[in-house]
Amino acid sequence: MEGWDSCYSTPCLYVAVGYTIHNSQSVTVIMVGSGTCKSQFMATIIQSTLTPTPSLTVTTTATTGTGTATATATATAATSYYSFPHSLLSYSPPHSPPFSSLKLRKTHRHQPYFSTSPTQSLSSTPTFLPSSESSPINAQQSLIDTLFDLLRLSARCSDAQLVNAVHACILKLQEHTRLSNALISAYLKLGLLSQAYNVFLGLSCPNMVSYTALISGFSKSNREHEAVELFFRMRDSGVEPNEYTFVAILTACIRILDLQLGLQLHALIIKLGVSEDSVFVSNALMGLYGKCGCFLFVLKLFDEMLHRDIASWNTVISCMVSEFMYDKAFELFRDMQRSDGLRVDHFTLSTLLTASTGSSSIMKGQEVHAHAIKVGLEANLSVNNALIGFYTNCGGGVKDVTALFERMPIRDMITWTEVIAAYMNFGLVELAVEVFNKMPERNSFSYNALLTGLCRNGQGLRTLELFIKMVEEGVDLTEFTLTSVLSACGLLMDRKISEQIHGFILKIGFGSNACIEAALLDMCTKCGKMTDAEKIFRRWSFEQDTSVIWTSMICGYARNGLPDEAISLFNISQSKGTMVVDEVASTSVLGLCGNIGYHNMGKQIHCHALKSGFLSDLMVGNALLSMYSKCWNMDDAIKIFNNMPTHDTVSWNGLLAGHLFHRQGDEALALWSKMKKIGTKPDKVTFVLTISAYRHTNSNLVVDCRSLFSSLKSVYDIEPSSDHYASLVGVLGYWGLLEEAEEMITTMPFEPHTSVWRALLDSCRIHLNTTVGKRVAKRILAIEPKDPSTYILVSNLYSASGRWHCSEMVRENMRDMGFQKHPGRSWIIFQNKIHFFYARDKSHPQTKDIYSGLEILILECLKTGYVPDTSFVLHDVEEHQKKDFLFNHSAKLAATYGLLMSKPGKPIRIVKNILLCGDCHTFLKHVSVVTKREIFLRDSSGFHCFSNGQCSCKDYW
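Residues numbered from 1 in each chain as written. Predicted model: local features only at pLDDT ≥ 70, side-chain atom pairs only at ≥ 80, totals over all residues. Heavy atoms only, no water.

1. Some points on the environment of L190
For the record, the criterion: Comment: elements are numbered from the N terminus, with helices defined as DSSP H or I runs of at least four residues and strands as E runs of at least two.
Relative to the helices and strands, L190 is located in the loop between helix 5 (177-189) and helix 6 (193-201). A sequence separation of 34 residues divides L190 from R156, and the C-alpha atoms of the two residues are 9.4 Å apart.

Structure, rendered in structure tokens:
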């Protein structure tokens, strides 16, 4: 017996010169060859040539010029037949073998027979039973059949060398199209597209199978345009495509989103009558239309299908989910179960779980989970990954995610990455880092998940540390990586670090990337580098993302206290048509309108969203709700909430925050009760807002507030944070329990953040308690000695209590340390323009009229009993000077301008960037009586509605 070794790149002839059958279970084959034969390969040959036996032990001894090697392998009897040794016995090697005189006589092709002699001389030729000689035609066919078998074997075993060897054999034969097609298929299965294409080019008359195989190969190898070119070449050559050809070329269209070509192909399919009975072609067409957003075409095709399989249903359900038509997706799922009775697969359930997450439907997601258990797919990897995503974003807690993860029999990279993202979403940063460190292997996706999670949890410094580690370890840096790092720089608001990261990005060649440039601009605005941001904005040369860059710049102006520039830029973008107000832009501009109190523009964006069909978008709905609540319009905010098709936790939190802005504590608690009743899952922010609501109730409900705080861990599995403690301290302090609040802070299980102490200091201001306030101030300054806001609070506290010397000492310390107070200002919007006012400001074009009007207004208020409270003048000057300072506060100037410019009876709306002082508060109550006008003012504490000499805050703010 002779043949070729498995090392096909360098042919090695082997010749069997003897064998010994020890018993029915063992045989020894002895070979001599010009190369090193592989015992494993020889065992395969022996296995495929023996008559079926339960098990066979094969010992091979190979003798070469370098020595003798012996190996033993156990082979189970083959149930399929690979006729490698038989077909190649008659095939001549490319060079003369050293033992050409040694030949094996062959018997019937499928039943070779070894001698039953217990021993055989090594010097004699092994003897097979004689058989009749095969004709040349039979020999040729035998070889072709063997080559087919070997091609199938090579694809199954991923053996590229074997394919190359078979290719070499085929080249010596006459052209055989069917065999060449099999060779093309084998190369494609091994990912050797170039070799497959070379075989195709060598065919004189490629047929439909040849074209189809190669079109499919190009489509799946990111060479879609070559697939399209080859399809047109096929049409030009007169070869008619079949259903598999159309599936292959439609795959290319799907990948490059070529809808026009897809429509032409659809017409050709109808013309040739292919799609009527072909489920595969109809599925591919639906896939194309779904990817291109033509969901109506998908539904029409689906309705016209005579036969459907599970892929058909999965395609149409997936399309509905992609179009956010979640109810339709579940309706189709129910139809599938009623009509076709098909068994769902993992793709169906994963898609439905995505729909449950997108619609925030806890019940539907749990039903899908139960169905997965019912049909035995609870252990499926894809289903479990989707379940982790569902319980992370909707209707579950960290315990659900952890339990799923621990039960999973198989985990892949997606699983680990999903769990990291889940823990980050729950705010469990350390647990997410622990999971990351335990990963058996990591890639750029897992690094990016951790990087993004750290950034979203406000861990800017740790984000940068991880980024440095990625650079040092050579992890691939993607757009996603760099945008996350730029966001981290924005969190830190450190100009120096931002400049270093900017330089690094330019150095590695990402400076001309649109996404990176947009992130750079956003970072500059957050770091106060508006000059650099404007440079990036002016040199923007990308055609894509134009709306993104305009939106980012508008928000940047608003963020840096330049709302007038923000509104002006928005108006320019609309007049030039450079910014498409899509869902994202609408959300951003609505946020800007809410922040500056621009009610009219907010209503215009609302109309645009209604006209464009954006109201079904959850982000737009949440932004509208927030805008109306910040623009003194709580009634419309509630209407928006009630009309939203779906709600998420942000929606509920937005409405809660709106009630708190308007100091409607009882309404906020009623909303909280409704959340509990319908089973909406609260998050950390929900509890911060709900606890704060007890500060604005009509009656003292401190006991209930303490009970809710105690239930955070035991009932809701939420670890109280500094924000929760700060809210509780604010409630206790508001109701006069300052000592209890101070004691609670000192007994906290972790080091309190300055926000907790500031909440207590603010309560000391309300109750004029300088004793506790002084102790609290020392605590804050020990933690953050460089925070100017703390010095301002302490100075104001001393001034309000008449301790001028102490107040001036605090301000002197501020000046010595180079700190500057953020200037207070008020503004009012009139005729689509923002009018700003600072204390004693005389920069306005109508300054003379404003100050004249203010003098008249003060005189009228004095007649009604207004008494200036000079304790709010934070300067140690003469009494008459204090009154001059007091009368020229920014809120009084803004109110006067509003009264002068608006029609009688119309309410005045003012926004102030800091807390309203007590004297301005008293003054505006008198103004509401004198002018018979309502005055709405929003400061950092919330809303004040002055009407008939009263304020909605009940003089506590």
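2. With respect to the pairing of strand 6 (residues 825-830)
Here is the rule we go by: DSSP bridges decide pairing: two strands pair if at least two such bridges lie between them.
In this sheet, strand 7 (residues 833-838) lies alongside strand 6 in antiparallel orientation, the contact comprising six bridges. The residue of strand 7 that forms the bridge with I828 is H835. In this antiparallel pair of consecutive strands, strand 6 and strand 7, the connection spans two residues, and Q831 shows a positive phi of 50°. Sheet topology note: the strand 6/strand 8 (residues 908-912) ladder contains two bridges and is antiparallel.

3. Side note on the environment of D400
By the secondary structure assignment, D400 is in helix 18 (residues 398-407). Between the alpha carbons of D400 and L387 there is a distance of 9.5 Å; along the sequence they are 13 residues apart.

4. Some details on the state of the cysteines
To be explicit about the condition: Disulfides are defined as pairs of cysteine sulfur atoms found within 2.5 Å of each other.
The full count for this structure, using the stated rule, is zero disulfides. No disulfide involves C920; its sulfur sits 3.4 Å from that of C917, the nearest cysteine.

5. Considering unusual backbone geometry
Under the convention used in this document: Accessible area is worked out with a 1.4 Å probe on protein chains only. A residue is then buried under 20% of its type maximum, exposed over 50%, and partly exposed in between.
In this structure, F324 takes a positive phi of about 65° despite not being glycine. Residue classification places F324 among the exposed residues on the basis of a relative accessible area of 61%.

6. Thoughts on the packing of helix 17 (residues 381-393) against helix 19 (residues 413-425)
For the record, the criterion: Lines are fitted to the C-alpha atoms to define the axes, a helix being fitted only along its stretch in contact, and any angle between axes, read from their N-to-C directions, falls within 0 to 180 degrees. Any angle from 65 to 115 degrees is called roughly perpendicular, while one under 35 is roughly parallel, one over 145 is roughly antiparallel, and all others are oblique. The contact rule is simple, with two residues in contact once any of their heavy atoms fall within 4.5 Å. Side-chain classes follow a simple rule in which Ala, Val, Leu, Ile, Met, Phe, Trp, Tyr, Cys and Pro form the nonpolar group, Asp, Glu, Lys and Arg form the charged group, and the remainder, Gly included, forms the polar group.
Running from amino to carboxyl end, helix 17 crosses helix 19 at an angle of 10°, the nearest separation of the two axes being 9 Å. With respect to helix 19, the axis of helix 17 lies roughly parallel. Two secondary-structure elements touch here, helix 17 through L381, N385, I388, G389, T392 and N393 and helix 19 through I414, T415, E418, V419, A422 and N425. Per-class residue counts for the contact of helix 17 with helix 19 are five nonpolar, six polar and one charged.

7. Focus on the sheet that holds strand 10 (residues 942-947)
Ordered by their spatial adjacency, six strands build an open sheet running 7-6-8-9-10-11, and the pairing between neighbours is mixed. In this open sheet, the two edge strands, each paired with only one partner strand, are strand 7 and strand 11 (950-951). Contacts between helix 28 (residues 563-576) and the sheet are confined to strand 6 and strand 7, with strand 7 contributing the most and set at about 170° to the helix.

8. A short note on the packing of helix 37 (residues 722-734) against helix 38 (residues 738-746)
For the record, the criterion: In this scheme the handedness of a crossing depends on how the near helix is turned from the far one: anticlockwise by less than a right angle means left-handed, clockwise means right-handed.
As a packed pair, helix 37 and helix 38 sit with axes 8 Å apart at the nearest point and diverge in direction by 160°. Taken together, the axes of helix 37 and helix 38 lie roughly antiparallel to each other. Helix-helix and strand crossings are classified by hand; for helix 37 and helix 38 the assignment is right-handed. Residue-level contacts link Y725, L728, V729, L732 and G733 of helix 37 to L738, E740, A741, M744 and I745 of helix 38. Looking at the contact of helix 37 with helix 38, its residues break down into eight nonpolar, one polar and one charged.

9. Here's the deal with the side chain of S651
Quick note on the threshold: Pairs of N or O atoms within 3.5 Å make up the polar contacts considered here, provided that, within protein, one atom can donate a hydrogen while the other can accept it, and that residues adjacent in sequence are counted only when both atoms are side-chain atoms.
The residue S651 is located in helix 33 (residues 649-661) in this model. Looking at S651, the relative accessible area reads 0%, which means it is buried. In this structure the side chain of S651 is engaged in a polar contact, spanning 2.6 Å, whose partner is the side chain of N622. Excluding its chain neighbours within four sequence positions, the residues that come into contact with S651 are L618, N622, L625, F641 and M644.

10. Overview of the confidence of the model for the chain
Low pLDDT marks stretches whose predicted atomic positions should not be read closely. Our working definition: As a per-residue quantity, pLDDT reports the predictor's confidence and falls between 0 and 100.
In the predicted model, the chain carries a mean pLDDT of 81, and the fraction of residues at 70 or more is 81%. Long-range and interchain partners of residues 1-26, a stretch whose pLDDT sits below 50, account for 109 contacts in this model, where long-range means more than four residues apart. The low-confidence segment residues 28-132 (pLDDT under 50) makes 214 contacts with residues lying over four places distant or belonging to another chain.

11. Section: the pairing of strand 9 (residues 935-939)
What counts here: Seen with the strands pointing away from the viewer, any crossover whose path from the first strand over the helix to the second strand runs clockwise is right-handed.
Extensive coverage of strand 9 is indicated by the burial of five of its five residues. The two faces of strand 9 match: I935, L937 and D939 on one face and F936 and R938 on the other face are all buried. Note: strand 8 against strand 9, four bridges, orientation parallel. Across the sheet, residue I908 finds its bridge partner in strand 9, namely I935. With helix 46 (residues 918-930) bridging strand 8 and its parallel neighbour strand 9, the resulting β-α-β unit is right-handed. The antiparallel pairing of strand 9 with strand 10 creates a hairpin that spans two residues between the two strands.

12. So, the nonpolar core
So the rule is basically this: Here, nonpolar core means buried Ala, Val, Leu, Ile, Met, Phe, Trp, Tyr and Cys residues that are tied together by side-chain atoms lying within 4.5 Å of each other.
I215, F246 and L760 are the most contacted members of the largest nonpolar core, which totals 222 residues. The biggest single contributor to this core is helix 25 (residues 514-526), with eight residues. If sequence neighbours within four positions are ignored, I215 has contacts with A227, L230, F231, M234, T245, A248 and I249. Counting 31 residues, the second-largest nonpolar core is a separate cluster that includes I908, I910, C920 and V927.

13. Section: the packing of aromatic side chains
Defined as follows: Here the aromatic set is Phe, Tyr and Trp, taking the six-membered ring for Trp, and pairing holds for ring centres within 6.5 Å; pairs whose planes are under 30 degrees apart are stacked, those over 60 apart are edge-to-face, and all others are tilted.
Taken as a whole and judged by the stated rule, the model has 28 aromatic pairs. Plain terms: the ring middles of F231 and F232 are 6.1 Å apart, the flat faces sit at 70° to each other, and that makes the pair edge-to-face. Look at F231 and you get buried, because its relative accessible area is 3%. A relative accessible area of 40% means that F232 is categorised as partly exposed. Summarising the aromatic geometry, the rings of F837 and Y897 are spaced 5.7 Å apart at their centres and angled 50° between planes, so their arrangement reads as tilted. With a gap of 60 residues between them, F837 in strand 7 and Y897 in helix 45 (residues 890-901) connect regions that are remote in the sequence. Here the two residues F837 and Y897 agree in accessibility, since each one is buried. One aromatic cluster is present, formed by Y197, F200, Y211 and F218 through successive ring pairs.

14. Quick word on a nonpolar patch on the surface
Heads up, the rule is: Exposure above 30% relative accessible area and the lack of any salt bridge qualify a residue for a patch; like charges then connect within 9 Å, and the nonpolar side chains Val, Leu, Ile, Met, Phe, Trp and Tyr within 5 Å. Only the protein chains shown count as cover for residues, and the accessible areas themselves come from Shrake-Rupley with a 1.4 Å probe. Every case where a carboxyl oxygen of Asp or Glu lies within 4 Å of a side-chain nitrogen of Lys or Arg is listed as a salt bridge.
Taken together, the side chains of L263, L296 and F297 make up a nonpolar region of the molecular surface, amounting to roughly 280 Å² of accessible area. Examined against the element boundaries, F297 turns out to sit in helix 12 (residues 295-304). Owing to a relative accessible area of 43%, F297 belongs among the partly exposed residues under this scheme.

15. With respect to the pattern of salt bridges
Tallied over the entire structure, the rule returns 22 salt bridges. Between K892 and D919 there is a salt bridge, and its shortest N-O distance comes to 2.9 Å. Of the two residues, K892 is situated in helix 45 and D919 in helix 46; the sequence distance between them amounts to 27 residues. For the pair K892 and D919, one class covers both residues: buried. Taken together, the shared-partner salt bridges in this structure form one network comprising D522, K526 and R559.

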